[in-house]
Amino acid sequence: MEIVFVLIPLSVLLLAIAVGIFIWAVNNGQFDDMDSPAWKILVDEEKRDRSRKERQHDQR
Amino acid sequence: MNASAQVRCYHCNEPVPPNEKRVVTVDGNPRPVCCAGCEAVANLILDAGLKDFYRFRSETSAKVDKLAPESHWLAFDENAVLDNYAPLDAEGFREIRLQLDDIRCAACGWLIEQTLADDNAICDIQLNVVNGRATLRWDANAVRLSELLAHLDRLGFHPHPLRPDDNEQQASHERRRYLKRIAIAGLGMMQVMMYAVAMYIGAIDTSGEGMDTGVWHFLRGVSLLIATPVVFYAAAPFFKGAWRDVTHRRAGMDVPVAIAIGAAYAASVWHTLLGRGEVYFDSVSMFVFFLLIGRFLEFNARHQVAAAGSAMAASLPATVTLKEGNTTRSLPLAQLAKDQVVIVSQGSVVPADGELLDAAAALDESLLTGESQTVRKRAGDLLAAGAVNHGKPLTLRVTRTGRDTLLSGITRLLEKAQASRPRMARMADRIAQYFVGIVLVLASITFIAWEFLDPARAFEITLAVLVVTCPCALALAVPVALTTATGAIAREGVLAVNTDAFEVLDGVTDVVFDKTGTLTEGQPHICRRVVTGVLPESTCLALARGLEAAANHPLARAFATLDADEAAFTDIEQVAGHGMSGMHEGHRYRIGTPAYALQDDNAAITPPGMDGSWIVLADDDGPLAWFALEDRLRPEARAVVHGLQRRGLRVHLLSGDSEAAVTAVAKELGISNVAFRQQPQDKLDAIRRIQESGGRVMMLGDGLNDAPVLGGADVSVAMSRGATLAQAGADFVLTGPLTALTALLRHGMKTRRVIRQNLAWAAGYNLVALPLAAAGLVAPWMAAIGMSASSLLVTLNALRLRQVNASNTPGSHAGKQVQGQSRVLPGAG
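What counts, and at which threshold
Residues numbered from 1 in each chain as written. Chains lettered and ligands numbered in written order. Predicted model: local features only at pLDDT ≥ 70, side-chain atom pairs only at ≥ 80, totals over all residues. Axes fitted to C-alpha atoms, helices over the stretch in contact; angles between N-to-C directions. Helix = DSSP H or I, 4+ residues; strand = E, 2+ residues; numbered from the N terminus. Parallel < 35°, antiparallel > 145°, perpendicular 65-115°, else oblique. Left-handed = near helix turned anticlockwise from the far one by under 90°. Contact = placed C-beta atoms within 7 Å. Nonpolar A, V, L, I, M, F, W, Y, C, P; charged D, E, K, R; others polar. Core = buried A, V, L, I, M, F, W, Y, C linked by C-beta atoms within 7 Å. Buried ≥ 20, exposed ≤ 12 C-beta atoms within 10 Å, placed from the backbone. pLDDT = per-residue confidence, 0-100. Expected span 1.5 Å × (residues − 1). Pairing = 2+ DSSP bridges. Arc of directions from axis to C-beta.

Q: For this particular structure, what's the right way to read the packing of helix 7 (residues 213–234) of chain B against helix 9 (residues 254–274) of chain B?
A: Packed helix pairs are characterised by how far apart their axes lie and by the angle those axes make with each other. Residue and element names in this part refer to chain B. Running from N to C, helix 7 and helix 9 point in directions that differ by 155°, and their axes come no closer than 10 Å. By the angle between their directions, the pair helix 7 and helix 9 is classed as roughly antiparallel. Regarding helix 7 and helix 9, the two cross each other, and that crossing is left-handed. Of helix 9, the residues touching helix 7 (which contributes Arg 220, Gly 221, Leu 224, Ala 227 and Val 231) are Ile 261, Tyr 265, Val 269 and Thr 272. The residue inventory of the contact of helix 7 with helix 9, partitioned by class, reads 6 nonpolar, 2 polar and 1 charged.

This is the structure:
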């Protein structure tokens, strides 16, 4: 049973990491608009960043 | 009358005028458009390779009437202005928030993001398609803001720059804090419960192998570690609320909650350190988690973005024309200061309260007063921000700007009304307050009684009493039901501005329609024309079209379809409610009501027919041509009226129009209670009469001169095309087709039923649970589960209101092809 002395602190650590990630996501505005992203998947488009770089490349 | 047979505009889906030849080419096929504005926007979209917009949009685009000149936005290029609206960040970028008009569906958002993404200077644009708010981040050195604003305007989405302050940002921060608290409480609850289960099992394990005491102490210690942030961070609002209540000497809902959380946590910590006795970390975490969920739902109910309100804030122009000596320049409204002189052109909105410097002016103050009558002002009179200049361009000296203006005051009042808790929720709060007082007294009595009976159990039982009787179900019962109902009707095309009105919806006995713009499409067209023969027909049509081109009355739009060129006029004057006059080649012409155009109060000259309303073009010698105007019925109007009558409601039609026009509509729709030539006061009296005879009135108006009448009705519904202030004054705003009205009534009935069920359940649960807990039959963890289950039941019951019953919407084939769906407000959840 001694293994719990390792596993439980480990799980608490994982919990702390999960909470940290969630707080980062909230502060980063990931949960501010819950409606618009649902619509975006209906539109097929190329990935924005890549296409912009390509465009910049093309112009040069 | 057959709307579907008509050619409709590819861009805005409005009927294309018969002589309009403009087309845009899509995939090699010509598609008709209705006007130059729509043609320009459609070409802009198609040239950018974004024709998918027309495939994905679920609502048609707004008709593009006129674009602001590019110079309109120039004021936003000055650094002083930019710093105010869009502070420079460390990386040399600026960020601005914009309120965009006419965002109707996801495709609009896609279109904006696609066209702006082509610009390398823009690093980010985020658009909320629900409330039309956009956040734009761009490189201030690479592109001017005025170009971006003009570009958005050209796309048909008129932008209103917003300054980075206000309550909305606070609400957004508050929302983020709630999310973080809920996450911490929820994850903490799961962990602590897991350990608790392990300990329960370990405690009852009689196989002799029981739980190792070292592990047992360890698990309690870890539970303490995890429950601590739950109590001190996630539950902080309850302690703050309780402290506020205590310092104000009142028994708020937070007081027993804070006592229960605090006492249970303190006792658990003490027992953990002692190494014996019960710990309640699991119950505490669960209690905090469910309480937070309830608070979050209620918070959402209060801070729902009412589209009507934000539209009103945007009703003032973004820039003003400042007069300095003999020169003029454009200035952002926010920079306007007292004692500056501004010029307001014809048809523009007065940007600030001020003193009139010209000899005379004619203004429409319908946004402020609801009266669409033109008001005459003399030099020195006070003009209010929000009024529309109907006469010649005027100059005014600014006396009050921004938040000090009359308009801003009214807006604040409305915002306050919107932000306040609904009446039924306040009532539940008051009941909860008494209830809390009783609970505190009973908990004390329980504690003292058990001190005598069994001191060892006194603490545990008192805790159970405090937790099990938490009045959260009572507090949740109303707000959750109202939020859910608000979301549900928004999907059907109705915005709830005043949620108190849900209560009244169920008892409505009379539905009153105001004909103009409610039962009709609000776009009159010319159905007959008679030329008297004094001038050739083509000249008459050119004169009529030219004169009406300068008018901003809805009737004037009908003349834009005439098959003739516009004649040029000078010295044009508009007399609101009567007509227009102007000079053309040395002659004065008038067009409008017979009494005005013929300068003939006795109506000696009568129109050539009795049907419809007649407009006459005349010179000083007499009539030249007659035009009969007719407004088409909305395709779904008949189904809606019949639907209402089937529900046993009396349908009335009160209209300011002439007898012939009103009775024709009433006959077609089967409405028997009709009144015509009604002034706002007459309409108000009619509503009072119905109310005195015991009826409850739902009034449907299009805003303009209905605002006071809407206020007099028990429930008021405004059409989204109406004046913005009247909309905000109404209880509901119809954004979809008329069929949403029957859906609204249906939802009103269901909402009231759910609220009653919820209140009954919450009260019943507490009455049963309290004696059980006081008798010592409920352990603290059972209390926490009982209280949570009760809250959950109330919430789930309210969520039933989400269902949109599609089978009950008659006439849904009519009007726009796709309705609802895109107007989804953030609902409860």
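Q: What am I meant to see in the nonpolar core here?
A: In a soluble, globular protein the nonpolar side chains are often hidden away together inside. Residue and element names in this part refer to chain B. Ile 261, Val 288, Val 467, Ala 477 and Phe 732 are the most contacted members of the largest nonpolar core, which totals 136 residues. With residues up to four places along the chain from it excluded, the contact list for Ile 261 reads Val 231, Ala 235, Phe 238, Val 284, Phe 287 and Val 288. Judged by nonpolar contacts, the second largest core, of 56 residues, contains Tyr 10, Leu 116, Leu 127 and Ala 385.

Q: Is there a simple way to explain the environment of Val 467 of chain B in this structure?
A: All names here are of chain B. By the element assignment, Val 467 lies in helix 15 (residues 455–468). Among the residues examined, Val 467 registers 30 C-beta atoms within 10 Å and is labelled buried. For the pair Val 467 and Phe 287, spaced 180 residues apart in sequence, the C-alpha to C-alpha distance is 7.9 Å. Setting aside its immediate chain neighbours within four residues, Val 467 contacts Ala 260, Ser 283, Phe 287, Pro 780, Ala 783, Ala 784 and Met 787.

Q: Before we go on, may I ask you to explain the confidence of the model for chain A in this structure?
A: Caution applies to low-pLDDT regions: their predicted coordinates should not be interpreted in detail. Per-residue confidence for chain A gives a mean pLDDT of 74; residues scoring 70 or more make up 62%. Long-range and interchain partners of residues 46–60 of chain A, a stretch whose pLDDT sits below 50, account for 5 contacts in this model, where long-range means more than four residues apart.

Q: How do you make sense of helix 19 (residues 537–549) of chain B when you look at a structure like this?
A: Think of an α-helix as 3.6 residues a turn; residues three or four steps apart then line up on the same face. Look at helix 19 of chain B: 18 Å from first C-alpha to last across 13 residues, which is about the 18 Å you get at 1.5 Å a residue. Restricting attention to buried positions, one finds in helix 19 of chain B the residues Cys 540, Leu 541, Ala 542, Leu 543, Ala 544, Arg 545, Gly 546, Leu 547 and Glu 548 of chain B.

Q: Help me understand the packing of helix 27 (residues 740–774) of chain B against helix 28 (residues 780–799) of chain B, please; the structure alone is not making it clear to me.
A: Residue and element names in this part refer to chain B. Their axes nearest at 9 Å, the elements helix 27 and helix 28 cross at an angle of 170°. Taken together, helix 27 and helix 28 sit at an angle that is classed as roughly antiparallel. Of the residues in helix 28, those touching helix 27 at Val 754, Gln 757, Asn 758, Trp 761, Ala 762, Tyr 765, Ala 769 and Ala 773 are Ala 783, Gly 786, Ser 790, Leu 793, Val 794, Asn 797 and Ala 798. When grouped by side-chain class, the residues that make up the contact of helix 27 with helix 28 number 10 nonpolar, 5 polar and no charged.

Q: Is there a simple way to think about the sheet that holds strand 6 (residues 159–162) of chain B in this case?
A: Strands belonging to one sheet form pairs held by backbone hydrogen bonds; the direction of such a pair is parallel or antiparallel. All names here are of chain B. The antiparallel open sheet is built from 4 strands, whose spatial order is 4-5-3-6. Two strands close off the open sheet at either side, each with one partner strand: strand 4 (122–128) and strand 6. Taking the axes of each pair of neighbouring strands and ignoring which way they run, one obtains an average angle of 25° across the sheet. As paired strands, strand 3 (residues 93–100) and strand 6 are joined by 4 bridges and run antiparallel to one another.

Q: For this particular structure, what's the right way to read helix 23 (residues 659–669) of chain B?
A: Residue and element names in this part refer to chain B. Turning to helix 23, its buried residues number three or more, namely Ala 661, Val 662, Val 665 and Ala 666. Buried residues in helix 23, looked at end-on, bunch into an arc of 125°, giving them a common side. Just downstream of helix 23 lies Gly 670, where phi reads positive at about 75°.

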